[in-house]
Amino acid sequence: MNYDPVLADMIAVAREAGALTLTYFKRFRELEIGIKGPADFVSEADKESELLIRKFLFERYPDWSFTGEEFAAVDKDSDHRWLVDPIDGTTNFINGMHYTISIALRRGNETVCGALYNPVSDEMFTAIKGQGAFMNGEKLKVSEQADIGLFNVGTGLATPGLFTYPGFYQRLDAIRAPIGSVRIVGSSANSCAYVALGRLTGYYEESGIVDWAVGVLLVEEAGGVVTDWWGRGPEFYERTGCVIVANKPTHAYLLDKLKDAPRKDPKDGSH
């Protein structure tokens, strides 16, 4: 299947959702916020953005399934499924910081194309599997940095409800000490995009596939490495959420630092 026209639609609706969310973003001090869980917020902008994207995509692809962040999934008899995060980085968003809109298309168990939009910086990241990753039309390549002292690693700070919380901060300290820097971007999708672009040499976190499906494709298409924290493939990290995306040297470094973390099993959360 030719996904070029599909990607064009994804870009168009991501820009529409970007314009919508920016109207809220510009008055972030006035937003009404709900709480879904520990450090997990939602605003009216999240809901309106998802509804806009859902309506747009169903009008054009009525037989494809849809999974979003804010509403119940819509399951159709199709190999294709949209994975949509209408605002990835809601905590950033409600505090006037950068966020992204993430739209991935899955065919079976594979992400075949994606669009990731940062409306604040007007950066549009796109990828079709096997055709490279791009930002605003410019082809991306992961950083070639191999000096540990200059690694720039992204992550998120674990909350007590996450499987990887016990020992997380000890592991973070061990990761941080020898390298150049650690950065909390505040959006899983944007963190992955920064790896593809070379702003980060690597990124690791426990998060959800809807958050980083596009980001993982971007990194792979930009020449990076993607595994779970123990070097396992998508059959593990897509179900557990424990993902590393990085250039090869940073990936090897993070694997070594995370290898002793309790393994999360896709079935029952332990291994």
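This report concerns the structure included in the present document. (Residues numbered from 1 in each chain as written. Predicted model: local features only at pLDDT ≥ 70, side-chain atom pairs only at ≥ 80, totals over all residues. Heavy atoms only, no water.)

Right, let's talk about the sheet that holds strand E3 (residues 65–68) for a bit. One open sheet holds the seven strands; their spatial order is E3-E4-E5-E6-E7-E8-E9, and the pairing between them is mixed. The open sheet has two edge strands, E3 and strand E9 (138–139), and neither has a second partner. Alignment of strand E8 (residues 133–135) against E9, held across two bridges, turns out to be antiparallel. By the bridge assignment for E9, Phe 134 is matched with Lys 139. Strand contacts of helix H6 (residues 209–221): E3, strand E4 (80–88), strand E5 (100–107), strand E6 (110–118), strand E7 (123–128) and E8, with the helix running at about 100 degrees to E6, the strand carrying the most contacts. (Pairing = 2+ DSSP bridges. Helix = DSSP H or I, 4+ residues; strand = E, 2+ residues; numbered from the N terminus. Contact = heavy atoms within 4.5 Å. Axes fitted to C-alpha atoms, helices over the stretch in contact; angles between N-to-C directions.)

Sizing a probe to match a water molecule and rolling it over the atoms shows the empty space that remains. A volume near 150 Å³ is recorded for the second largest pocket. Looking at the second largest pocket, it is lined by 13 residues, and the ones nearest its centre are Arg 106, Thr 111, Glu 220, Tyr 237 and Glu 238. Sorting the residues of the lining of the second largest pocket by element identifies E6, H6 and helix H7 (234–240) as the ones contributing at least two each. Looking at which element gives the most residues to the lining of the second largest pocket, the answer is H6, with five residues. Of the residues that constitute the lining of the second largest pocket, the class distribution is six nonpolar, two polar and five charged. (1 Å grid on protein atoms, 1.4 Å probe; cavity = no way out; pocket = protein on both sides within 12 Å on 5 of 7 lines; lining within 4 Å. Points joined across faces, edges and corners; volume = space filled by probe spheres on them. Nonpolar A, V, L, I, M, F, W, Y, C, P; charged D, E, K, R; others polar.)

Next up on the list: the pattern of salt bridges. If you walk through the whole model with that rule in mind, you get 13 salt bridges. Between Glu 59 and Lys 55 there is a salt bridge, with its nearest N and O atoms 2.7 Å apart. Placement of both Glu 59 and Lys 55 in helix H2 (residues 44–60) is noted, with a separation of four residues, approximately one turn of the helix. Judged by its relative accessible area of 52%, Glu 59 is exposed. Residue Arg 60 pairs with Glu 59 through a salt bridge whose shortest N-O separation is 3.6 Å. One salt-bridge network, in which partners are shared between bridges, spans Lys 55, Glu 59 and Arg 60. (Salt bridge = Lys/Arg side-chain N within 4 Å of Asp/Glu carboxyl O. Buried < 20%, exposed > 50% of the residue type's maximum accessible area, 1.4 Å probe, protein only.)

Bringing the nonpolar core into the picture now. Within the largest apolar cluster, 34 residues are counted, with the highest numbers of intra-cluster contacts made by Val 6, Met 10, Ile 53, Trp 82, Ile 103 and Leu 105. The element that contributes the greatest number of residues to this core is helix H1 (residues 4–25), accounting for ten residues. For Ile 103, the contacting residues outside a window of four places in its chain are Met 10, Val 13, Ala 14, Ile 53, Leu 57, Trp 82, Leu 83, Val 84, Cys 113, Gly 114, Ala 115 and Val 214. Ranked by size, the runner-up nonpolar core spans 31 residues in total, among them Met 135, Val 216, Leu 218 and Val 243. (Core = buried A, V, L, I, M, F, W, Y, C linked by side-chain atoms within 4.5 Å.)

What follows deals with helix H8 (residues 248–258). If you check which residues of H8 are buried, you get Thr 250, His 251, Tyr 253, Leu 254 and Leu 258. Viewed along the axis of H8, the buried residues span an arc of 165 degrees, placing them on a single side of the element. The inward-facing, buried residues of H8 abut strand E10 (152–154), helix H4 (168–176), strand E12 (202–206), strand E13 (225–228) and strand E14 (242–246). (Arc of directions from axis to C-beta.)

Per the counting criterion, the structure on display carries 14 aromatic pairs. Ring centres 4.5 Å apart and planes at 15 degrees place the aromatic pair Tyr 61 and Trp 64 in the stacked group. Three or more aromatic residues joined by ring pairs make a cluster, and in this case those are Tyr 165, Phe 168, Tyr 169, Tyr 204, Trp 229 and Trp 230. (Phe/Tyr/Trp six-rings, centres within 6.5 Å; stacked < 30°, edge-to-face > 60°.)

Most of E14 sits out of view: five of its five residues are buried. Of the two faces of E14, the one lined by Cys 242, Ile 244 and Ala 246 and the one lined by Val 243 and Val 245 are each fully buried. Note: E12 against E14, five bridges, orientation antiparallel. Across the sheet, Gly 202 pairs through a bridge with Ala 246, a residue of E14. When E13 meets E14, the two strands line up antiparallel, connected through four bridges. Opposite Thr 227, over in E14, you have Ile 244 as the bridge partner.

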